[in-house]
Amino acid sequence: MGDKLTVRNPYSGEVVGFAPRNMVREVDEAIETAREGAAGMRATTLHDRRRMLTGAAGQLQEHRDELSVLLTREAGKTIRETRAEVDRAASIFDLAAAELVAPPGDVLALDALPNGAAMTGYCMREPRGIIGGITPWNVPLALAAHKIAPALAAGNSIVLKPAEQTPLSSLLLRDLLLNAGVPENGLLVITGLGEEAGDALVRHPNIAMLSFTGSREVGVRLPAAAGFKKVSLELGGNSPLVVTPSANLEATANAIVRGAFAVAGQLCISVQRVIAHRTILGDLLTMVSEVASKLVVGDPVSDTTDVGTLISREACDRIEKLVADLKSAGAQVVVGGKREAECIYLPTVLTSVEHGGRMLQQEAFGPVVMFLQYTQFDEAIAIANSTDYGLNAAIWTNNYEEAMRAARELQAGTVIVNESTTFRSDLMPYGGIKQSGMGREGVRFAIDEMSVMKTVCFGRPISSN
Ligand code: NAD
């Protein structure tokens, strides 16, 4: 691999570019620079920060074409997906700017208790210092924005380590943010491997908070390696979507296809397990198959492509094996079930998937959706919850009681009624329970996590003479 990362287009194999393979020394230097940056950012006014964030959104919109083509070439996502991702990243910066217009604050009526007679107080939020951000390759720009925008809004500096597969978009993002007035020592991007640059960032004592998005396998080990610092983890999932007899099946089928095959199924909140009532399973499968078999799969850069590539040959090998294992355990392929090219696997619908099987526990992270059936509502909830993950979960129903029960009983960070599990608004709190993570993103909530509350108590003035 040498001293640089070679970024390849997973569709064509062409070299997209190179990025430095930073090691411990470069990470240490970046963090030293970010120390000055943290002092500088802390001294900025909310108005200064708002100008930087609004400027960042403007820069992203101005460079929309360049960014979306780069993202498509780096990650194999379709051009329609990456244009939407650039718009989304810009709106994350806009949201962060909006949070600074009139942030709420608490005044403490300390004289409400006897020990505080004649005292008053208030709460203020202070920056933490240096935020360490680590991001995955599947949503490289918007997830970098979810780290950078709240970190700067809260008055921190940030050192970002993007995934080794997609470092170029983060380097371009940094340049655009510097154009927007973010100080050079306020935002540093270190590129490199997870076990080298990533590990050095995680362990560094001067990082005040680690904000990690990535796999469960890596994430669960990080709190121990990070030592005494705040850690937030946004990890994987294997989202369930329950379909009850009262659901509008056509709308449900469209949502399943949208949610299972966006980004070739490589989203942490992809629809992975559809749990359908036995009386409607057949009709639903027919509708899903019809929509799924019309998807255009192939060259991600073409405007007419619906489903792009997997990130690598290894990822495609893994999906091939997962489907083969599920088939040997009794699953039937209704649509797809085969590889088209080195990094392309056809959108795949499986039914008769064994309940409680080991493969259902895994995060598929590919274009594969598995249908299971239930008879009693309790059973649907139990199947949905029978996993170590707990990110997003959905129910399709027109029955009020079922919707309310799902909201209460589904074990997930977010429960969604009558939309795909992939629904996410960047203004809502977002994150997982169980092994899907800890902490919450979503701009306002991340600003809270990336700052600390300070309480100030005033006694009455006592003159010195
Ligand atoms: P990954 O865990 O392999 O890598 C994520 C990042 O961690 C990369 O930047 C990588 O270089 C770094 N890393 C790897 N090993 C490290 C180590 N030992 N120390 C520090 N950093 C290390 O994940 P991936 O393959 O890039 O992304 C896919 C995963 O991300 C999936 O599991 C997906 O569900 C998850 N994800 C979660 C969310 C969410 O918001 N919950 C969003 C997107 C993706």
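Parameters and conventions
- Residues numbered from 1 in each chain as written.
- Predicted model: local features only at pLDDT ≥ 70, side-chain atom pairs only at ≥ 80, totals over all residues.
- Heavy atoms only, no water.
- Domains from an automatic or database assignment.
- Contact = heavy atoms within 4.5 Å.
- Buried area = accessible area lost by both parts, 1.4 Å probe.
- Salt bridge = Lys/Arg side-chain N within 4 Å of Asp/Glu carboxyl O.
- Polar contact = N/O pair within 3.5 Å; in protein donor to acceptor, adjacent residues only side chain to side chain.
- Helix = DSSP H or I, 4+ residues; strand = E, 2+ residues; numbered from the N terminus.
- Phe/Tyr/Trp six-rings, centres within 6.5 Å; stacked < 30°, edge-to-face > 60°.
- Buried < 20%, exposed > 50% of the residue type's maximum accessible area, 1.4 Å probe, protein only.
- Lys NZ or Arg CZ within 6 Å of the ring centre and 35° of its normal.
- Near = heavy atom within 4 Å.
- Areas by Shrake-Rupley, 256 points an atom, 1.4 Å probe, with all protein chains shown as cover.

### Considerations on the domain arrangement of the protein
Item 1. With domains assigned, the protein is organised as domain 1 (4-235 + 432-456) and domain 2 (239-417).
Item 2. For domain 1 and domain 2, the distance between their C-alpha centres works out to 31 Å.
Item 3. Tallying the contact residues gives 25 residues for domain 1 and 31 residues for domain 2.
Item 4. Between domain 1 and domain 2, roughly 2,300 Å² of surface is buried when both sides are summed, and carbon and sulfur atoms account for 56% of that area.
Item 5. When the area that domain 1 buries against domain 2 is broken down by residue, the three leading residues are Y11, W137 and K434, summing to 24%.
Item 6. Joining domain 1 to domain 2, the criterion identifies three salt bridges.
Item 7. The salt bridge involving D303 is made with R83; its shortest N-O contact spans 2.9 Å.
Item 8. Across the domain 1-domain 2 interface, the total number found is 15 residue pairs in polar contact (both at pLDDT 80 or more).
Item 9. Elements represented by at least two residues in the side of domain 1 that touches domain 2 include exactly α3 (64-75), α4 (79-99) and α8 (216-219).

### As for the packing of aromatic side chains
Item 1. In the structure shown here, the tally under the stated rule is two aromatic pairs.
Item 2. Plain terms: the ring middles of W137 and F365 are 5.7 Å apart, the flat faces sit at 75° to each other, and that makes the pair edge-to-face. Taken as a pair, W137 in the loop between β5 (130-134) and α5 (140-153) and F365 in the loop between α13 (358-361) and β16 (368-374) lie far apart in primary sequence, 228 residues in all. Comparing W137 with F365, the two get one shared label, buried.
Item 3. Across the ring face of F18, the terminal group of K4 is positioned such that the distance to the ring centre comes to 5.1 Å.
Item 4. In this structure, R424 is placed above the aromatic ring of Y430, and the distance from its NZ or CZ to the ring centre is 3.6 Å.

### Quick word on the site of the ligand
Item 1. In the neighbourhood of the ligand, 28 residues make up the surrounding shell, with K161, E164, S215, L235 and E363 lying closest.
Item 2. In this structure, an oxygen atom belonging to the ligand sits 2.8 Å away from a main-chain N or O atom of T135.
Item 3. Within the side chain of W137, a nitrogen or oxygen atom sits 3.0 Å from an oxygen atom of the ligand.
Item 4. In isolation the ligand offers 850 Å² of accessible surface; the protein chains occlude 89% of this area.
Item 5. Contributions of two or more residues to the shell around the ligand are made by α7 (194-203) and β8 (209-213).
Item 6. With four residues, α7 is the largest single contributor of residues to the shell around the ligand.
Item 7. Formed jointly, the shell around the ligand draws a minimum of three residues from each of two domains, domain 1 (4-235 + 432-456) and domain 2 (239-417).

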